[in-house]
Amino acid sequence: MAEKIIYTPQKNNETKLRKKERVTYITFPALDQYQEKLVNAFSTRKGGFSKGIYKSMNLGLNNDDDGENVFFNYREFSKAIGINYNNIVISRQEHTTNIRIATAEDRGKGLVKPRDYDAVDGFITNEPGVALCLLFADCVPVYLFDPRQEAIGLVHSGWKGTVGQISSKAIGMMQKTYGTKAEDVICCIGPSICQECYEVSADLFESFSKEYDAAEMKQIFMTGKDEEHYQLDLWKAIEITLLKAGVRAENIHVTDICTNHNPDLLFSHRFTKGKRGNLAAVLMLKPEPPEDPELFKNLLPSFIINK
Ligand SMILES: [Zn+2]
């Protein structure tokens, strides 16, 4: 039986569901057209080994799931999307606007090697084979690709990161570091919570009103069930940020799948009241360097299992 997926607000073909052996994952057609140069993927819950609330493809590292199963999940997901898990660079995200310039030296950090950085909510790189990876369950992944300078960025934009303009900060860093022009950047706003599902309190309205003008606020917030509540559209807020940074409207692609609308397919913090695993966003420039078996031999999988 075909799986029922709820598209929000309607199917606009901005995401594509793919299946490779046991693993189901999502890609963006806007980035798929550069598949010679780029791997783009967002995981789903399907095709992993974890049990219970983590069923089955939990890629979260800071929870009570069985470390060995998480390791198997990374191995299976990486194989499906066509990358070597030794090249994954990952962080512990803390809803900051800290962005790290990732290099070949960072490959494996946070997953198969210890990290020497913390509280990073975004990465940029222009080095092939550095697989940028961030974790999600309702917050918004934003994928950035500059095809001219061949540079990429990936950020974690929950409400705090969105108020903090982390997406435009990443573009600014790409500009400074790689000579990126905002008008060249292709942006994909990934699977996350939609406005209909995202009820917030009045203090969030206050926080956003310091960054967005009245006309923009009208586009971002709808009145909620009472005066104390609003429905927040993070996708629209990020889109406005990207436009103001100089990204072309036709280069902004917004997910048509909401996490909270699809709790069987995707982990949703809201839907499960926090009892959930994590989904992973991955973005990597090709080609991957040949594997150096000595480099990771003794580090794997002990690091993740003893997490
Ligand atoms: Zn929704």
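Rules used in this analysis
- Going along each chain's sequence as written, the residues are numbered from 1 onward.
- Note on the predicted model: pLDDT of at least 70 is required for a residue's local features to be given, and 80 or more for side-chain atom pairs to be given and counted; whole-chain, interface and lining totals, by contrast, use all residues.
- Just so you know, side-chain values use all the structure's heavy atoms and leave hydrogens and water out.
- Any N, O or S atom lying within 2.8 Å of the metal counts as a donor, with the limit raised to 3.2 Å for Na, K and Ca; because water is left out of the atom set, some sites can appear incomplete.
- Think of it this way: with four donors and all angles in the 85 to 135 degree range, the site is tetrahedral; with four or six donors, opposite ones beyond 155 degrees and the rest between 65 and 115, it is square planar or octahedral; otherwise it is irregular.
- Only protein chains enter the calculation, and the probe is 1.4 Å; a residue is then buried if its accessible area is under 20% of its type maximum, exposed if over 50%, and partly exposed in between.
- The method works on a 1 Å grid over the protein atoms by themselves. A cavity is a set of points holding a 1.4 Å probe that cannot get out, a pocket is an open set with protein on both sides within 12 Å along at least five of seven lines, and residues with an atom within 4 Å of a point line them.
- Grid points are joined across faces, edges and corners, and a volume is the space filled by probe spheres set on the points.
- Put simply, DSSP H or I for four residues or longer makes a helix, DSSP E for two residues or longer makes a strand, and each gets a number counted from the N terminus.
- Each residue gets one of three labels, nonpolar for Ala, Val, Leu, Ile, Met, Phe, Trp, Tyr, Cys and Pro, charged for Asp, Glu, Lys and Arg, and polar for the others, Gly among them.
- A pair of strands counts as paired when DSSP detects no fewer than two bridges linking them.
- To define axes, lines are fitted to C-alpha atoms, for helices over the stretch in contact only, and angles between the resulting N-to-C directions are given on a 0 to 180 degree scale.
- Only heavy atoms enter the contact rule, under which two residues are in contact if any of them lie within 4.5 Å.
- Here the word oblique covers every angle except those under 35 degrees (roughly parallel), over 145 (roughly antiparallel) and from 65 to 115 (roughly perpendicular).
- Throughout, a crossing is termed right-handed when the near helix is turned clockwise from the far one, and left-handed when it is turned anticlockwise from it by less than a right angle.
- In the sections that follow, a salt bridge refers to a side-chain nitrogen of Lys or Arg positioned within 4 Å of a carboxyl oxygen of Asp or Glu.

**Student:** Summarise the coordination of the zinc ion; cite the residues concerned and give the values.
**Tutor:** Around the zinc ion, the protein contributes the donor atoms Cys 194 (SG), Cys 197 (SG), Cys 258 (SG) and His 261 (ND1), which lie 2.0 to 2.4 Å from the metal centre. Classification of the site at the zinc ion as tetrahedral follows from its four donor atoms and the range of 100 to 117° in their angles at the metal. Of note, the donors binding the zinc ion are all from one chain and are spaced C-x2-C-x60-C-x2-H. Comparing Cys 194 with Cys 197, the two get one shared label, buried.

**Student:** Could you give me a rundown of the layout of surface pockets, with the residues and numbers involved?
**Tutor:** Size it by volume and the largest pocket reaches roughly 610 Å³. Forming the boundary of the largest pocket are 28 residues, of which His 95, Cys 139, His 156, His 269 and Arg 276 lie nearest the centre. Counting only elements with at least two residues in the lining of the largest pocket, the list comes to strand E7 (131-136), helix H3 (159-163) and helix H8 (269-272). Taken together, the residues of the lining of the largest pocket break down into 11 nonpolar, 11 polar and six charged. The volume enclosed by the second largest pocket comes to roughly 230 Å³.

**Student:** Outline the sheet that holds strand E9 (residues 151-157), listing residues and values.
**Tutor:** Judged by pairing direction, the sheet is mixed, and its six strands sit side by side in the order E5-E6-E9-E8-E10-E14 without closing on themselves. Sheet topology places strand E5 (99-101) and strand E14 (252-254) at the edges, where each strand pairs with a single neighbour. In this sheet, neighbouring strand axes are inclined to one another by 15° on average, regardless of whether the strands run parallel or antiparallel. The strands that helix H4 (residues 166-178) touches are E5, strand E6 (122-125), strand E8 (140-146) and E9; relative to E9, the one it contacts most, it runs at about 155°.

**Student:** Which residues make up the sheet that holds strand E3 (residues 38-43), and what values go with them?
**Tutor:** Backbone-to-backbone hydrogen bonds join strands into a sheet, with any given pair of strands oriented parallel or antiparallel. Overall, mixed pairing links the six strands, which are arranged E1-E2-E3-E15-E7-E4 in an open sheet. One side of each edge strand has no neighbouring strand; the edge strands of this open sheet are strand E1 (16-20) and strand E4 (88-89). Pairing of strand E2 (residues 23-27) with E3, which is carried by two bridges, proceeds in the antiparallel orientation. Counterpart to Ile 26 in the pairing with E3 is Phe 42. Its contacts with the sheet put helix H2 (residues 67-81) on E1, E2, E3, E4, E7 and strand E15 (279-285), and the angle it makes with E2 is roughly 55°.

**Student:** Tell me about unusual backbone geometry, and please be specific about residues and values.
**Tutor:** Of note, the amide linkage connecting Lys 55 to Ser 56 takes the cis form, showing an omega dihedral of -15°. Of note, Ser 56 is situated in the loop between E3 and H2. Residue Pro 287 follows Lys 286 across a cis peptide bond; omega there is 0°. You will see that Ala 119, though not glycine, has its phi angle at about 50°, which is positive. With a relative accessible area of 14%, Ala 119 lands in the buried category. A positive phi is found at Asp 138, a non-glycine position, where the angle reads about 110°. A relative accessible area of 7% means that Asp 138 is categorised as buried.

**Student:** Describe in detail the packing of H4 against helix H7 (residues 234-244), supporting the description with residues and values.
**Tutor:** Look at H4 against H7: their axes get within 8 Å of each other, and the N-to-C directions meet at 30°. As summarised for this structure, H4 and H7 are arranged roughly parallel, according to the angle between their axes. In the crossing of H4 with H7, the sense of the turn from one axis to the other is right-handed. Facing H4, whose interface residues are Ser 167, Ser 168 and Ile 171, H7 presents Ile 238, Thr 241 and Leu 242.

**Student:** Please provide a residue-by-residue account of the pattern of salt bridges, values included.
**Tutor:** In the structure shown here, the tally under the stated rule is 15 salt bridges. Here Arg 148 and Asp 184 are joined by a salt bridge, their closest N and O atoms 2.9 Å apart. Of this pair, Arg 148 sits in the loop between E8 and E9 while Asp 184 sits in the loop between H4 and strand E10 (186-189); the two residues are 36 residues apart in sequence, bridging distant segments of the chain. What makes Arg 148 exposed here is its relative accessible area of 60%. The exposure class assigned to Asp 184 is buried, which follows from its relative accessible area of 12%. Connected through salt bridges with shared partners, the residues Arg 92, Glu 94, Arg 115 and Asp 118 form a single ionic network.

Any functional reading would require information that these geometric values do not contain.
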